[in-house]
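Spelled out from the first residue to the last, the chains are:
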Amino acid sequence: MGVSLIEETSETFVAVRLAPNRQEIAIGGVALARAGTRGERAKGMRLLTALLGEVAAGTDRTVASGDFLRGHDPSWQDIATERPPRLSRLAQLAARASVEPGQRQVVLLLGRSGSGKTTTLMQFGADLVRSGLTVGWVDRSFGEGRKMLVEEAIDLSVDAVLLDDVDMFGSESLETMRLLNRNGKVLVVGSARRTALYALEGVRSFTTVDQDEPLTDDDIRKVIAALTRYSLLNSLRGVRPAAARVQRFHELSRRDLMAGLIQVVEGQPFDERVASEYQQLQGLERDAYGIVSVVSHVNKAPTIPGEHLVQMLASAPPYREAQTAIDALIDQRLIDEDVAGAVKCRHRAIADRVVETMGRGGDGLVSAMGALLFFYAEQAHEIRDPGEPDRRQMIALLNHNLMRKLGLPAADVRNLYDSVREWLEEDLHYWLQRGSYEVEIGDFQRAAGYLSQARGCVGGDDDYKVLTEWGSLQLQLAAAQSMNARLHEAAVLGLATLEQVAKRHGKNSPHTFAIVARDGTHWVTTSRVMDDGERLDRVVQIQSLLDLGTRVSHNAVFLEEAAKARPVLSKLMERPDPGVPII
């Protein structure tokens, strides 16, 4: 019958047969976590009628409260019951966004983290639903590709799509919004922190709303009324008369709305309060808070399954201490837990400040990154499906741009990569990110070794990302040693490789065009090996590729690099001079 008698004590059974490092136990634990969080980890577009309907039906388990005044993201129950004050920014957004069919625009709600963009966007969406429109909602829990998103918008016949943080689509944000807009058929409103206006060229109809504009006196009176309603007036309580309260809040909220709210409610400046909350934690609570903050800071999806966090905090069962630490953070309202058991920092702006605090002193940031990277490398090293959640998380953590963004010293970054080498020795993406990191910081010798490893992995010699990074390396090496004929020949081959990749993969590889614009232009302006004729040929080659990129790609990074390169290339076309660098 397939049943075996195990003659050993329960303690031995748990310690040996249920050890977390046993493959079958690890796989089972992750499967259970996945089953419990599947809805949260792979969400597509959601209709606002459904989200607001859950509140009306009582299936939304969140409790409407004044937590949004303490720095938490508002819940849909808060929005449905109109708890957050309706500020003038909401009226500005409504006035600038046309809902007339055929005249619907792409609208960007621009502002710093903590300025209240999410609240404004949620309130605007609820108003659109009340007016009878079908509205799709996409936030950072979105777990599908851009193509699927556009298809969902068409299938659901939405009148509007609201994107809470278009940065989730990276440099493809513009193209995503353009496709969703469908030439004015769908109103697309996206909140953004870092969208450059130059990238909006080519959008048929768009406008912007500045969330960072100072609050009006009437706005502040509404905020003060909300603080009073929830008995959170605190540091403003002794400020009299009412006009003085308004002026004081103006001063406190000069940087952003959340900063003012935190200082009123907690009595400390925003940065000091957030840093103090982290520094006062000890042991597993601090470790857990650090990991959750890093996830909320860097990930497109800001949550982490609670089961995963427990396993990162405890190397072996029992997990009671780790779970107790997580529960304590939830009780202190430092992190939020959703109905599926996933946790996140209570607000992206707070996560950002916690990560800054961790990076300024001690090894907290390195430890948090190490715990995350090791866990997901162990879970996903044999997974090849790039859409699988654990694989996607691992790839995000390996990203060389993330390592640089976090400001970690090169030695720490290399140690982090080394810590997962045993799992990822045969992983092309691992070596690609290691090589890309070294290219970015200028250690070309290390970069060459790692990119050679990537090319040696299965599929590495044909992978367009590996070939693009290899081409970039050759161009930068030749530019750094401008009189080296051998490196010059390698750069010629590198540019030819980039040309092949660009023509074969087109809009699917915008980074290739950006590399041609940046590194190709720098090479032709610095080389002492080229004569005038070859320089002119290379300039024409690069310009041709930039023209192709402009036709097929709306990538923001490429557009920026191309805008820098074109004047330089035009000058070289007028008067090639191999003896005088142009840049």
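For the structure itself, look to the data block above.
What you see is a predicted model; the values in this text were computed from it and never measured.

Asker: Where do I start with the packing of aromatic side chains in this structure?
Answerer: Each aromatic ring pair is described using two quantities: the centre-to-centre distance and the angle formed by the ring planes. Overall, the coordinates contain nine aromatic pairs when judged by the stated rule. Ring geometry for tryptophan 76 and tryptophan 137: centres 5.0 Å apart, planes at 85°, overall edge-to-face. In this pair, tryptophan 76 is assigned in helix H4 (residues 76–80) and tryptophan 137 in strand S3 (residues 135–138), connecting sequence segments 61 residues apart. In this pair, the class of tryptophan 76 matches that of tryptophan 137, namely buried. Their ring planes at 70° and their centres at 5.0 Å tell us that tyrosine 430 and tryptophan 431 sit as a pair that is edge-to-face. You'll find tyrosine 430 and tryptophan 431 in the same group, each marked buried.

Asker: Help me understand helix H16 (residues 348–360) in this model?
Answerer: Along an α-helix, residues three or four apart share an orientation, since each turn contains 3.6 residues. The terminal C-alpha atoms of H16, which comprises 13 residues, lie 19 Å apart, in line with the 18 Å expected from a rise of 1.5 Å per residue. The element H16 is extensively covered by neighbouring structure, given that ten of its 13 residues are classed as buried. Within the span of H16, buried status applies to Arg348, Ala349, Ile350, Ala351, Asp352, Arg353, Val354, Val355, Thr357 and Met358. Buried residues belonging to H16 abut helix H11 (257–266), helix H12 (270–279), helix H13 (283–298), strand S9 (342–345) and helix H17 (364–380). Glycine 362 occupies a position one or two residues after H16 and carries a positive phi of about 75°.

Asker: What is the right way to read the sheet that holds strand S8 (residues 335–337) from this model?
Answerer: Two pairing modes exist for strands in a sheet, parallel and antiparallel, and in both the strands are linked by backbone hydrogen bonds. Sheet architecture is open: three strands sit in the order S7-S9-S8, paired in antiparallel fashion. Looking at which strands have only one partner, the edges of the open sheet turn out to be strand S7 (304–305) and S8. For S7 and S9, the ladder comprises two bridges, and the chain directions are antiparallel. Bridging from a neighbouring strand, proline 305 pairs with alanine 342 of S9.

Asker: Would you take a moment to explain empty space enclosed by the protein for this structure?
Answerer: Space left empty within the atom packing is revealed by a probe, the size of a water molecule, rolled over the atoms. Going through the model one piece at a time under the given rule, you end up with one cavity of 30 Å³ or more. In this structure, the largest cavity spans a volume of roughly 50 Å³. With four residues, helix H6 (residues 117–130) is the single largest residue contributor to the lining of the largest cavity. Residue composition of the lining of the largest cavity, by class: three nonpolar, one polar and four charged.

Asker: Help me understand unusual backbone geometry, please; the structure alone is not making it clear to me.
Answerer: For residues besides glycine, phi is generally negative; the peptide bonds are generally trans as well. Put simply, arginine 240 and proline 241 share a cis peptide bond, and its omega is -5°. In this structure, proline 241 sits in the loop between helix H9 (217–229) and helix H10 (242–252). Of note in this structure, asparagine 183 is not a glycine but carries a positive phi near 55°. In this fold, asparagine 183 is placed in the loop between helix H8 (173–181) and strand S5 (187–192). With phi around 55°, serine 231 is a residue other than glycine that occupies positive phi space.

Calculation criteria
- Residues numbered from 1 in each chain as written.
- Predicted model: local features only at pLDDT ≥ 70, side-chain atom pairs only at ≥ 80, totals over all residues.
- Heavy atoms only, no water.
- Phe/Tyr/Trp six-rings, centres within 6.5 Å; stacked < 30°, edge-to-face > 60°.
- Helix = DSSP H or I, 4+ residues; strand = E, 2+ residues; numbered from the N terminus.
- Buried < 20%, exposed > 50% of the residue type's maximum accessible area, 1.4 Å probe, protein only.
- Expected span 1.5 Å × (residues − 1).
- Contact = heavy atoms within 4.5 Å.
- Pairing = 2+ DSSP bridges.
- 1 Å grid on protein atoms, 1.4 Å probe; cavity = no way out; pocket = protein on both sides within 12 Å on 5 of 7 lines; lining within 4 Å.
- Points joined across faces, edges and corners; volume = space filled by probe spheres on them.
- Nonpolar A, V, L, I, M, F, W, Y, C, P; charged D, E, K, R; others polar.

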